Amino acid sequence: AKPKARQDKVLMLDARGIYRKVTRKVYDFSPEQQQNLLAIVWLHRGEAERFLALVSGYLARTLTEAEACAAPLGAFTAALDGLHAVLAPFLPTYDGRALSVAERLPVPSEPKAAPLQADTLAEWTAGRKTFAADVAAFRTGIATEQKAWTKTKPTSSALVAATARLTPLAETSRDLVKQADHLYKLASWLVDACEQGGKEDEAESPEPVERAWSGREATKARKAADEARHAAVEQLKLVRYFQKHAVWLTERFPDAELRDVEGLVKLVDRKEIEANDWSLTPGRYVGVTPEVEDEDFDFEETLREIHVELSDLNAEAVKLAKQIAKNFEELGV
């Protein structure tokens, strides 16, 4: 079914660099990866319309998945608010300012603030505000792109432009995933710190604490936040997932025409095959796939987490050293 101009040529397609890792030992093609490989064959046969329809479908799906993020993002925000309501009486500050007695839960005596690092609490407060603002901007961006998409024509140049136009939206969805995960980590650290402070209050107080720490209530709120986070993150990932497939196709074949792509595809005539001892191994013709960096790896975020973990371990080490010294004194050593 290929055009006459390609009757004496062979399509060499090396798909070794295209895969989805299912488990440590199992790799396969995702449905979209299969479609992308098939799209190259369509171009080989001169069926550019099918190629453009696939790209258009990816972009339309990107906007559909982006629009579907509203509900899970709202649920996650509400879950964070619920978790904060549980922690508020045990935190030294609330929304970046001193928490007044009237704003605390109605109890006869104020509970003791948990021994939290000030930067963790400040980051939690600022992070929630930033997340809310970014979610609002994300929704505005979706509405803008939806309107622009209705005017997009199914041509190669128009779809390449639309793919590039949706890149900021896709990147924002990735940033929101990182923010959601980080906010949940901060919340977990705050829960652990408040739980530790609550236990110390009960141990030090000679009388029952009326507003004692409720581990069950905190666990329930944390679980709800985690479930909401997971739903929001999975939906957000779909936005960038489909846009990236449109990018993959349009970057390699911007004019909706077959061309040689290093490490992926090449049209080879019989003379070249004969020069290679009639070998039909695609890798001998298409070249080596350029090494691609893992763009999802966030060095700064990883380093920050290591720093926070190290600070927590140092604080715990100091506390244990004091306890050991106290035990030695009681033993008379």
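In case you missed it, the structure is sitting above this.
Just so it is clear, the structure is predicted and the values come from calculations on it, not from any experiment.

**A short note on the pattern of salt bridges**
Next up, step 1: Per the counting criterion, the structure on display carries 14 salt bridges.
Next up, step 2: Residue D226 pairs with R229 through a salt bridge whose shortest N-O separation is 2.9 Å. Taken together, the positions of D226 and R229, both in helix α7 (residues 215-252) and three residues apart, correspond to about one turn of that helix.
Next up, step 3: R229 sits in the buried class, given a relative accessible area of 17%.
Next up, step 4: Several salt bridges share partner residues, and in doing so they unite E171, R174 and R240 into one network.

**Considerations on the packing of helix α1 (residues 31-44) against helix α2 (residues 48-67)**
Next up, step 1: At a closest axis distance of 8 Å, the pairing of α1 and α2 adopts a crossing angle of 155 degrees. The angle between α1 and α2 falls in the class roughly antiparallel. Judged by the twist between their axes, the crossing of α1 over α2 is left-handed. Counted together, E32, Q35, N36, A39, W42 and L43 of α1 and A48, R50, F51, L54 and Y58 of α2 form the full contact between these two elements.
Next up, step 2: For the contact of α1 with α2, the per-class residue count stands at seven nonpolar, two polar and two charged.

**Side note on the nonpolar core**
Next up, step 1: Within the largest apolar cluster, 64 residues are counted, with the highest numbers of intra-cluster contacts made by F51, L73, F138 and F253.
Next up, step 2: Mapped by element, the contributors of at least two residues to this core are α1, α2, α3 (70-87), α4 (118-149), α5 (156-165), α6 (167-204) and α7.
Next up, step 3: Among the elements that take part in this core, α7 stands out by supplying 12 residues, more than any other.
Next up, step 4: If you look at the next biggest cluster of nonpolar residues, it comprises five residues, including M12, V268, Y285 and V286.

**Some points on a nonpolar patch on the surface**
Next up, step 1: Nonpolar side chains collect at one region of the surface, where L320, I324, F328 and L331 lie side by side and expose about 420 Å² of accessible area between them.
Next up, step 2: With respect to the helices, strands and loops of the structure, L320 is situated in helix α10 (residues 299-331).
Next up, step 3: L320 sits in the partly exposed class, given a relative accessible area of 48%.

**Here we look at α2**
For an α-helix, 3.6 residues make a turn, and residues three or four places apart therefore share a direction.
Next up, step 1: The first and last C-alpha atoms of α2 sit 29 Å apart over 20 residues, in line with the 28 Å expected at 1.5 Å per residue.
Next up, step 2: Those residues of α2 that fall on the buried side of the exposure criterion are F51, L52, L54, V55, Y58, L59, T62, L63, E65 and A66.

**Focus: the packing of α2 against α5**
Next up, step 1: Between α2 and α5, the shortest axis-to-axis distance is 10 Å and the interhelical angle comes to 25 degrees. Between α2 and α5, the crossing angle belongs to the class labelled roughly parallel. Both α2 and α5 take part in a crossing whose hand is left-handed. Contacts between α2 and α5 involve L52, V55, S56 and L59 from the former and S156, L159, A162 and T163 from the latter.
Next up, step 2: Class assignment of the residues belonging to the contact of α2 with α5 gives a composition of five nonpolar, three polar and no charged.

Parameters at a glance
Residues numbered from 1 in each chain as written. Predicted model: local features only at pLDDT ≥ 70, side-chain atom pairs only at ≥ 80, totals over all residues. Heavy atoms only, no water. Salt bridge = Lys/Arg side-chain N within 4 Å of Asp/Glu carboxyl O. Helix = DSSP H or I, 4+ residues; strand = E, 2+ residues; numbered from the N terminus. Buried < 20%, exposed > 50% of the residue type's maximum accessible area, 1.4 Å probe, protein only. Axes fitted to C-alpha atoms, helices over the stretch in contact; angles between N-to-C directions. Parallel < 35°, antiparallel > 145°, perpendicular 65-115°, else oblique. Left-handed = near helix turned anticlockwise from the far one by under 90°. Contact = heavy atoms within 4.5 Å. Nonpolar A, V, L, I, M, F, W, Y, C, P; charged D, E, K, R; others polar. Core = buried A, V, L, I, M, F, W, Y, C linked by side-chain atoms within 4.5 Å. Patch = residues over 30% accessible without salt bridge, like charges linked within 9 Å, V, L, I, M, F, W, Y side chains within 5 Å. Areas by Shrake-Rupley, 256 points an atom, 1.4 Å probe, with all protein chains shown as cover. Expected span 1.5 Å × (residues − 1).

In short, geometric facts, not functional conclusions.
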